[in-house]
Structures are given as structure tokens and as C-alpha cells.
Amino acid sequence: MTYLKNSKERFYLFLLLFFSVFPALAKSGSDTTAWLQSTGVIGTILLVVVSLVVTLIIGLIKFNDFFKKLKRNKKQKDYEELHEEIIGLEEGEIDALLEKRKKALTYKLEGDELGGKEKALDEKGIITHVSHDPKPRFFDKKQKSKILLETAPELKKLILYYLGASAFWLLLGTGVGEFLGLKFVWPSLDHVSWLSFGRLRPVHTNTVFWGFASLSMLGLAHFVIARTSNARLHNYKLSWISWGLINACVVLGNLFLMGGINNGGGEYREYIWPVMLLFIVALVLILYNFYKTVANRNIKEIYISNWYILAALIWTGVLATVGYLPFYQNGLGETVAAGYYMHQGVGMWFMTFTLGLIYYYLPATLNKPIYSYALGVLALWTQMLFYTLIGTHHFIFSPLPWWLQTVAIVFSIGMVIPVTAGTTNFLMTMRGRWDHISKSYVLPFFLVGIIFYFVGSMQGSLQATRFTNYVWHFTDFNVAHSHLTMYGIICFILWACTYTIVPKITGREPKTYLVGGHFWLALLGLFAYTFPLMWGGTLKGLSWLQGEPFMESVTLMKPYWIWRAVGGSLMLVSHFIFAYNLYYMFKNHKERTKQAAITSKENSEIIKK
Amino acid sequence: MFDFNTNHKALVWTMFLVFLGLTIWIAVIPAFQIQNEYGPLPEQKDLTQEERRGLEVYIAEGCVACHTQQVRNIEMDKMFGKRPVMPQDYYYSKKRQDVWRQSPSLLGSERTGPDLSNVGARQASEAWHLLHLYEPRAVVEESVMPSYRWLFEEIDSNYVSESDLVVSGIPEEFIKDKSKKVIAKNDAKALVAYLISLKFTDLPEDMEAPEFIPLKEKDKELAGGSSESSSSGVDGKRLYESTCAVCHQSNGKGVSGAFPPLAGSGIVKDPNPTNHIKSVLFGKDDNPQYGPMQAFADELTDEEIAAIINHERTSWGNDAETITPEEVKEIREEGK
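Only a predicted model underlies this, so the values are computations on that prediction, with no experimental measurement involved. Along each chain, numbering runs from 1 in the same order as the chain's sequence is written. For this description, chains carry letters from A and ligands carry numbers from 1, given in the order in which they are written. Residue-level local features of this predicted model are given only where pLDDT is at least 70; pairs of side-chain atoms are given and counted only at 80 or more, and the full residue set underlies all totals for whole chains, interfaces and linings. Processing note: side-chain calculations cover all non-hydrogen atoms of the structure and skip hydrogens and water entirely.

Colleague: Break down the overall build of chain B for me, with residues and values.
Modeller: When its secondary structure is counted, chain B shows 13 helices and two strands. Across its three principal axes, chain B shows a C-alpha extent of roughly 90 × 55 × 40 Å. Counting only residues that meet the buried cut, chain B has 52% of its 336 residues in that class. The long-range fraction of contacts in chain B, counting pairs at least 24 apart against all pairs at least 6 apart in sequence, stands at 67%. Using a 1.4 Å probe, accessible areas were evaluated by the Shrake-Rupley method; residue-level cover was limited to the displayed protein chains. Per element, the accessible surface of chain B, about 16200 Å² overall, is 50% carbon and sulfur. Neither His nor the chain ends is counted toward charge; the positive residues are Lys and Arg and the negative residues Asp and Glu. Lys charges are placed at NZ, Arg charges at CZ, Asp charges at CG and Glu charges at CD. Side-chain charges of chain B comprise 36 positive and 54 negative groups, with the mean position of each set lying 5 Å from the other. The secondary structure listing takes helices from DSSP runs of H or I that are at least 4 residues long and strands from runs of E that are at least 2 residues long, numbered from the N terminus. When accessible area is computed with a 1.4 Å probe and restricted to protein chains, residues below 20% of their type maximum are described as buried, those above 50% as exposed, and intermediate ones as partly exposed. We call two residues in contact whenever any of their non-hydrogen atoms come within 4.5 Å of each other.

So this is what it looks like as C-alpha cells:
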């Protein structure tokens, strides 16, 4: 990352922190001052953030040193080997060697080694940008990718339809989210039952989950599965049916929710079972389709991405079924299932799937292999073992059995292992290519996603412990956490993958300043959204701890809710830019690819001649 | 055979079976156990038909998005109930609704509004609930709760029949057509019936309630709270805010047409505090201008009632003599 960008980012971060803290300072009654003077939870948060950054930097430096040492060892070995070789040489051989060396030492440059007498011509059209007036630039010129990956037209169409539908649900889902955010500021915005807060809230979450993120992941995965299996997709029709089923599920589910028909209010289980069944069937069809494609692969090994993608599909099939089966869901049985389902919905579906996508798209963008295959495998199995057991950490201090709560807390801390393994793997893959970040419009999305993967997940682990539960449970802190992760990780990674692949299959790149606009608005929006809510949520929890009248905790949140609405607006604007970028890349892609096919054919004919 | 790198069958089956095993261990078995282990408490009552209808409205409108029904076993949750919830408390309410809809997720994960496990004891007034549902800001000025206008209808005041439940005390700013009256639809009545039914069941004598875990001293310091202002201390103003202000308002002015003012009130200013203490202890319903007041004898201790009454007698321009907890105790023992 260039210095400028870095400092810019830091500046905004500071600005946001300052403004989110400001209202609290301005009305600092005795409570706030007491709590500011104490070593305080915010101190803990700051420490955590600081230590995370520092650990990361230190970790990288250490790794660097370690590898340098490894290299040095190797050099030493080579040197010793050479020594031994020389001792074993015959006399004639030594003479020839010395002669060669003498020649090398007396060599002089003629002056035309790098140039030639011929005229410079760019016959293959490699040079795209010529400037006669080199000025220092504020933003680096982004590299254009001229590669057009040959993709089966059927697959291409499929991917574009998945991504297109997903962008539609993104706009709708986050539009609804923004509307809900405004209702915190103006509770009497409207009096229409279908648009009331309680009914629309699940519309927001379910639309971005099952509509936006799921369709986007599946679309991107179709490319990965076919490409890394070096084979055609087993069956296009199955994927089209799934596309229809998922969209139908979201349309119907939302209409039911707005009409006041929901499954019982459990988070992400709000769609009634006949509607959710559509989604589960779609999952099974896609799983079968992907599995068959992988089984018929024209390559010996199953690429790690496919491990993750198949795992996510299998696990989600199981967990959705278990979440909806009725036999054990009366009384608090439902609550056990709720903890299991709501947490795994995030961890086994979105997180696992997205990690699988990173394992393909990040190396593909960097044009280098993933740093460690083994770490990826370790992360997958630990993800399965640990993540599955921690659902009950949403119900700490509830009447659920104490042992369930303890298991959840212990394995929440255990999540440090897969998260660290994953983060290390991705950052080590990016290592040595940091300079690419300012030159690429894709890598910043990846970097943000990966950093949030670490920070958001670690924060989630810390949130599962005792004292943090006292302060943060039931507050807006949870809302901030879920956006830090679902938005900071999942959305950013999905956008990174989308910007990586779409230009390569449609042959048209988005305008880089618009991608930049999307990136910065989304990132600033996320900060403006989450930081005030984390701060306000903490104050809210402290107010409860101090036994103040409940309304205090509502009134104190008001400035932070305004910040949330501001952040949400920025995010929403960025999504419109994203949708435009997607449209821009899609437009006329058929003609362009036809054109490209003709030129490449002509080129190959020329070469043959 | 188990070379996952090349054997897709082994890979997929391992993922499936191990995950299924973990799922059964961590979710399915505990869910079965907890479902089958707990029946209702001895004195627990099933929901009436109307209350169950109210619960359905509660779920349909998404109330669980902002309201928990989960008094946790930690000290800070004491403000919402005298004991932590137990699995038995949910026996009747958390049942599968019908073939399409599962048992309602009542515990909740967000407390944007207060916990409702015991709201029926805290706020037993039907008039208040109706007004609050129609326009929350008519009774709680700072509330951010949506108003549920579609559970009510406006009809011409000439057509109001005796069986209609009229919402009284709606401030003028919230009514468009002054010639009309707002009456509650059946859904609103059911929802209010359900809310008022939310009360902790008393435990039989041989059964011990789970205890609240007190906050560690170290954590208390972290939270910045000093011990004298904690919930265990008796602070009349604070208690008034959390118990009485929803009706009589923080400024003591009440809500015209629904809840009487305490500022300048004859009962409050009366040098003889008997009537004042009695209304708080046993409730009051003798003024047709206002809704009935609920009894607080079971909700508040003598110390707490004395503190609240003293706050009322010395605030908003009131200047009556203060009372002692002993006086409350006497009247409590005397009974109505």
C-alpha cells in the first residue's frame, strides 16, 4: 500500500472515531466520565484493535526474518557444496574454469545490448497507456487486464444471471436496511403495516442473506468449480432451476413476511418452511451438480476451493433441515436449535463458502499460487469442528443448560485457530505483492475483506466471554458486529471476486474511478455504521449495568443511530455504483466476446502462416 | 482410501458424516432433552384463546426483533423480574403455532425496548397498553417504538357502541379527524390481553428459584458504577422513572384523559398520606375521567414505595411532608 492511501485511511478512521466519540464527550455526565476514567471496556477494545494491528505487523516482520534466515541457510549450504566440488576437480577442469572466469571479468559492454537496430513496434497491442507528460499522480493508474478467459457461453450466461439477480437483491435488501435505520431516527416515518419495522427487519436480513450473498457466492462458484476441475459444468439446467428456486424463495418469503406471516421470529428462520424448502432444494441440486463436476474433473487433485464450496453446501443442507424439523422444537428446544442454526447459517454457509472463493480468486488475481495448501486444509477441518459447537454463545446466561454455554464459550475462543490459519495464508499469499494493491482495483477489496476476517472474527470470539456478555449482549454492539463481519468480510470479498472475474469473461472493465467510488463509500460507510454503534452499544450496556431507568439507554443511543443512518446511506450509494459497474461490464458482452474470438482466431492464423 | 486430495467420495462423505454427528450431539439431542425434561410449573396457567391469538400477533408483527422475554440470571436483569427465567416458564408459550409455523422465538437477541417477561405485573393497565400501541410517543415521549395504527380503526363518534373499546387520552397532535374516535380491533385487544398475561408464575414453596449472579467487584469498577447508585439502593426518583413515569410522566403532569397528573394533585399534597399510600399499594379506580390504576403491593417493597411517594410529594412544586417505610408497612398490614 502506498503511503498516501495508508495515511488517508488512517485519517478517516481517526475522524470517524472522533465524531462518534464526540457526542458522548459533549454530554459527559458523571457516569460517562467515570467510565471514561476507568480502565474501561473501550480501553479493552482499543487495546484489542491496537494489539491486532501490532501483532499483525510484528507477525509479518517475524515471518520475513524467518524466511530470510531460511534463505541465508540455503546460501551457506550452497557455498559449502561449491567448496567441496572445487576440491574434487581435476587440474584440466580447473584451468578451463579459470579461463571462463577471466573472460567474464574482462567483458565490456558495447552499448547496444538492450536496444536494437530495428524500429520499436507494439505489434501485439500490449501498450495501452501512453503519457507524454509524467506528473506525480494522487491515485495510481490501475492496471487493466487484457486477458479474456475462454469460458463456455452457457456458463458465462449462468454466472451473469446469478450475479445480476444478486445485485438486484443487494439494492433491495440494503435499501430496506437503510429505511429501517431511518426509522430509528424518525419512528413515525410511516404507518403502513407492510412497511413496519418488525415486519421489514427480517426482510432486510433474509434478502441480503438468501438473495444477495447466496446468489452471488453460487454464481462465482460456478466458475471456480468448472475452471479448477478443468471440466465443463455437469448440467446447466440444474443450475438454472436452482436460480429460479432461490429467487422465488426470496420473493415469496418477503411477501409473506410483509404480510405478517413468519415462521416464529427466529433469526434467519423467518421464512415459513414451504418457502425455505425451495432454497434447500436449490442447494441440493447445486450440490449434486458441483459434486458431479468435481467427480468428472480432468485433473488428479481436488482444488482446495472446491473442498470449501462442497463443504458449505453439504453443511448448510444439514443445518437448514435440522433448523426446520419440528420434532424437538417445543419449549426451549427451539432455542437450542435457534442458537445452532443462526450461528451456523453465518459460519457454515457464508463464511465457509466465501473462504473457498478466496482460495481461488485471490491467487488468480495475484497470479501466484496460494501460500500454503496445508493451512487451508487445517482451517477447513477446524472450522467444522469448532464453529459447529458455538451456537449457544448467543444465549449466555439464558436458561439453556450450563454445559452448552460453556462448550460454546470454549470453542468460540478455539475459533482463533482457523481464523489465524486463514488470515496467515491469505496475507502470506499477498506478501511480496503489496505494491500491486495501489495498482489494482480488486486487491483493496480483498485486503479489507481479509483484515475484517481477522478483526471481526476475533472480536466475535472475545464477545463470547463473561464480562463482554454483561456489557454487550442485547445491545446495538451485536448489530455492529454482524455488519463488521457480514459486510466487512462477505460483501467485500464477494465484490473483489466479482470485479476479478466479470471483466475477464465479458471483456469489458469497469471505470476505475467508479470502482474506487464503490470501495471508499462502502468502507467509510461501514466505519460510520459500526464504530458509533459499538461505542453507543457499550454505553447502553453500562447504563443497564448501573441500573439506570431503561429509557436512559434509548435516549443515549440517539446520536449513534443518526451515525448509523449516515453510514447506511454511504453504503447504499456505493451499492448503486456497484450495480452500475456490473451493468457496464455486462453491456454488449456477447458482441465483444464474438469480436475477441474472431481476432484471436485471426491471430492464430497469422502465427500459423 | 482417505486421500481427500484425490478421493472426492471420501471427502464429501467425511464432511457430511462428521458434521451430522456434531450436529446431533450439540443441537438435536440437547433440544430433545430440554423439550422433554420440563413441564409447566405447578401454578402456571395456560394461555387463554385470546391470549394465544395475541401471541400470534406479537410474532406476526415482529415484536421479538426489539423485545426480549429472557430475564437472565445476572444481577443487571433484576430490573425486569424478581427471579431469572426458567425453562418451565416457556412451556405454554413456546409451542408449535400450526402446521406452517414453528414455536415462537420469544427469548430474543436484542433489547431495543425493555424485556417483557413480567410486563403484565409491571404495567397491568389495558388503557395504557392500548394508547401505547396506538401511539407510543403519547405516553413515552422518547420512545422509538413503531405505532401500530393498523390494529385500530377510526370511527365516527356517533357510531361507537358500548362493546367497542375506545382508546382514550390520545393527544390532539396524533389525531387527524377530531370528530372520530379510535377503537381497538380484535387483534389489538388480543395483543394487549397477551401482554398483560406476561407475569412470572410464583414458585411453590419447595422449589427454589435460580439465583442471580452478582457482578464481581472488579467488573463493577470496570463498569464505572458506584455501589450507592446501584439497583439495590433505594432511589425514589429512579424508581419513579422506571415504575410510574410511563403513565404519570417524568414531569408529573400525566396524560390528559388517561392518567391523572401528580403535580398539584390533592391526594399527593394531602398532609395525611394514607390515601396516597393506599393508591400505590392497592390501586385505584374511582375516577371515570381516568383509567384504573394497578396495585403495586406485590411489585414493590415498603422502602421502595416510601421512596417513590416521597419523591412525588416533594417534586414538581408539590411540598407535602415526607413519610417513612413504617407507615407503608402499617397500611399494608391493615389491608384495603
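Colleague: Before we move on, could you go through the environment of Asn306 of chain A and cite the residues and values that matter?
Modeller: All names here are of chain A. Its place among the elements puts Asn306 in helix α9 (residues 304–324). Along the backbone, Asn306 and Leu357 are 51 residues apart, and their C-alpha atoms lie at a distance of 8.7 Å. In this structure, Asn306 is in contact with Val224, Ile225, Thr228, Ser229 and Val294, ignoring residues within four places of it in sequence. Within 3.5 Å is the distance limit for a polar contact, defined as a pair of N or O atoms, with the added protein rule that one can donate a hydrogen and the other accept it, and that residues adjacent in sequence qualify only through two side-chain atoms. Within the structure, Asn306 has its side chain in polar contact with the side chain of Thr228 (distance 3.0 Å).

Colleague: Please give an account of the interface of chain B and chain A that cites residues and values.
Modeller: The interface of chain B with chain A comprises 89 residues on the first partner and 99 residues on the second. Here the quantity called buried area is the accessible surface, traced with a 1.4 Å probe, that two parts lose on coming together, added over both. Regarding the contact of chain B and chain A, the summed buried area is about 8400 Å², with carbon and sulfur atoms giving 68% of it. Only one rule defines a salt bridge in this text: a Lys or Arg side-chain nitrogen within 4 Å of an Asp or Glu carboxyl oxygen. For the interface between chain B and chain A, the tally reads three salt bridges. Residues Glu61 of chain B and Arg199 of chain A are paired through a salt bridge, measuring 2.7 Å at the closest nitrogen-oxygen approach. At the boundary of chain B and chain A, one finds 29 residue pairs in polar contact (both at pLDDT 80 or more). Those elements that place two or more of their residues in the side of chain B that touches chain A are α1 (8–37), α2 (49–60), α7 (217–223) and α8 (236–243) of chain B. Ranked by the residues each element gives to the side of chain B that touches chain A, the list is headed by α1 of chain B, at 21 residues.

Colleague: Could you give me a rundown of the pattern of salt bridges, with the residues and numbers involved?
Modeller: For side chains bearing opposite charge, pairing can occur when the charged atoms are close. All names here are of chain B. Evaluation of the coordinates by the stated rule reveals 21 salt bridges over all chains. With its nearest N and O atoms 2.7 Å apart, the salt bridge here joins Asp302 to Arg332. On the criterion of sequence distance, the pair formed by Asp302 in helix α12 (residues 302–313) and Arg332 in helix α13 (residues 325–334) is long-range, its members being 30 residues apart.

Colleague: A description of the state of the cysteines should follow, citing residues and the corresponding values.
Modeller: The rule for a disulfide is simple: a pair of cysteine sulfur atoms within 2.5 Å. Enumeration according to the criterion identifies zero disulfides over all chains in this entry. Here Cys497 of chain A stays unpaired: no disulfide links it, and the sulfur of Cys491 of chain A, its closest cysteine neighbor, is 12 Å away. The buried category is assigned to Cys497 of chain A, whose relative accessible area is 0%. Cysteine Cys247 of chain B shares no disulfide, and the gap to the nearest cysteine sulfur, in Cys244 of chain B, comes to 8.8 Å.

Colleague: Go over the nonpolar core, please, and point to the residues and values.
Modeller: Side-chain atoms within 4.5 Å link the members of a nonpolar core, which is a set of buried Ala, Val, Leu, Ile, Met, Phe, Trp, Tyr and Cys residues. Membership of the largest hydrophobic core comes to 201 residues, with the highest contact counts inside it found for Trp210, Trp349 and Leu357 of chain A. The biggest single contributor to this core is helix α17 (residues 477–506) of chain A, with 19 residues. Residue ranges for the domains trace back to a domain assignment, done automatically or taken from a database. In terms of domain composition, this core takes at least three residues from each of domain 1 (10–39) and domain 2 (49–197) of chain B. In this structure Trp349 of chain A touches Trp210, Ser214, Met217, Leu218, Phe279, Leu283, Ala312, Leu313, Thr316 and Gln344 of chain A, once residues within four positions along its chain are discounted. Counting 40 residues, the second-largest nonpolar core is a separate cluster that includes Leu130, Leu151, Ile175 and Ile196 of chain B.

Colleague: Can you tell me about the confidence of the model for chain A, naming the residues and giving the values?
Modeller: A low pLDDT means the predicted coordinates there should not be read in detail. Residues and elements named next belong to chain A. Looking at chain A, the pLDDT average stands at 86 and 86% of residues meet or exceed 70. The low-confidence segment residues 1–8, where pLDDT is below 50, has 13 contacts with residues more than four positions distant or belonging to other chains. As a per-residue measure, pLDDT reflects the predictor's confidence and takes values from 0 up to 100. Residue range residues 10–40 is modelled with pLDDT below 50. Its contacts to residues more than four positions away, or to other chains, number 40 contacts.

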